[in-house]
Amino acid sequence: MPRNVDADAVLAIGAYLDDQAHSVPISIRGSIDEVRKRTGTSLSDHQLEELIIESAAARHLSLLLDVRQAKGDSRLP
């Protein structure tokens, strides 16, 4: 979990995942976009992705891993 956790973002992620539980798999990209709309958080996409994955795992939800590689990020093929 990111060190600088944004409580509003965590709550928004939980609410969004609870609303989307019937539509499996849940898009990580869509989740990030929705959390940004709901909260205006300053967390990075990567930090939000981590929170979404952890929250979805706790709810036993499937995720669509549709996050694009950041420019200059050599960790992904």
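1. Focus: the packing of helix α1 (residues 7–20) against helix α2 (residues 28–39)
Now for step 1: Two numbers describe how α1 lies on α2: the axes approach to 9 Å, and their chain directions differ by 125 degrees. One way to sum up the angle between α1 and α2 is to call them oblique. α2 is crossed by α1, and the crossing has right-handed handedness. On the side of α1, the interface is formed by D8, A9, A12, I13, A15, Y16 and D19, while α2 contributes G30, S31, E34, V35, R38 and T39.
Now for step 2: By residue class, the composition of the contact of α1 with α2 is six nonpolar, three polar and four charged.

2. Here we look at α1
Now for step 1: Here α1 spans 20 Å end to end across 14 residues, near enough to the 20 Å set by a 1.5 Å rise per residue.
Now for step 2: Listing the buried residues of α1 in full gives A9, A12, I13, G14, Y16 and L17.
Now for step 3: Of the surrounding secondary structure, the elements contacted by the buried residues of α1 are β1 (26–27), α2 and α3 (45–58).
Now for step 4: Its side-chain oxygen placed 3.0 Å from the backbone nitrogen of D8, D6 serves as the N-cap of α1.

3. Re α2
Now for step 1: Over its 12 residues, α2 runs 16 Å from end to end, which matches the ideal 16 Å to within 8%, given 1.5 Å per residue.
Now for step 2: Burial in α2 covers these residues: I28, S31, I32 and V35. Down the axis of α2, the smallest arc covering the buried residues is 100 degrees, so these residues share one side.
Now for step 3: Tucked into the core, α2 has its buried residues touching α1, β1, α3 and β2 (63–64).
Now for step 4: Directly beyond the C-terminal end of α2, a positive phi value near 65 degrees is found at G40.

4. Looking at the nonpolar core
Now for step 1: If you look at the biggest cluster of nonpolar residues, it comprises 15 residues, and the most contacted ones within it are I13, L17, V35 and L48.
Now for step 2: Elements with a contribution of two residues or more to this core: α1, α2 and α3.
Now for step 3: For this core, the leading source of residues is α1, giving five residues.
Now for step 4: Contacts of V35, omitting those with residues within four sequence positions, involve A9, A12, I13, G40, T41 and L48.

5. A look at the side chain of T41
Now for step 1: Within the secondary structure, T41 is located in the loop between α2 and α3.
Now for step 2: Here L43 takes part through its backbone nitrogen, which lies 3.2 Å from a polar atom of the side chain of T41.
Now for step 3: Residues within four places of T41 in sequence aside, it is in contact with D6, A9, V35, R36 and L48.

What counts as what
- Residues numbered from 1 in each chain as written.
- Predicted model: local features only at pLDDT ≥ 70, side-chain atom pairs only at ≥ 80, totals over all residues.
- Heavy atoms only, no water.
- Axes fitted to C-alpha atoms, helices over the stretch in contact; angles between N-to-C directions.
- Helix = DSSP H or I, 4+ residues; strand = E, 2+ residues; numbered from the N terminus.
- Parallel < 35°, antiparallel > 145°, perpendicular 65-115°, else oblique.
- Left-handed = near helix turned anticlockwise from the far one by under 90°.
- Contact = heavy atoms within 4.5 Å.
- Nonpolar A, V, L, I, M, F, W, Y, C, P; charged D, E, K, R; others polar.
- Expected span 1.5 Å × (residues − 1).
- Buried < 20%, exposed > 50% of the residue type's maximum accessible area, 1.4 Å probe, protein only.
- Polar contact = N/O pair within 3.5 Å; in protein donor to acceptor, adjacent residues only side chain to side chain.
- Arc of directions from axis to C-beta.
- Core = buried A, V, L, I, M, F, W, Y, C linked by side-chain atoms within 4.5 Å.

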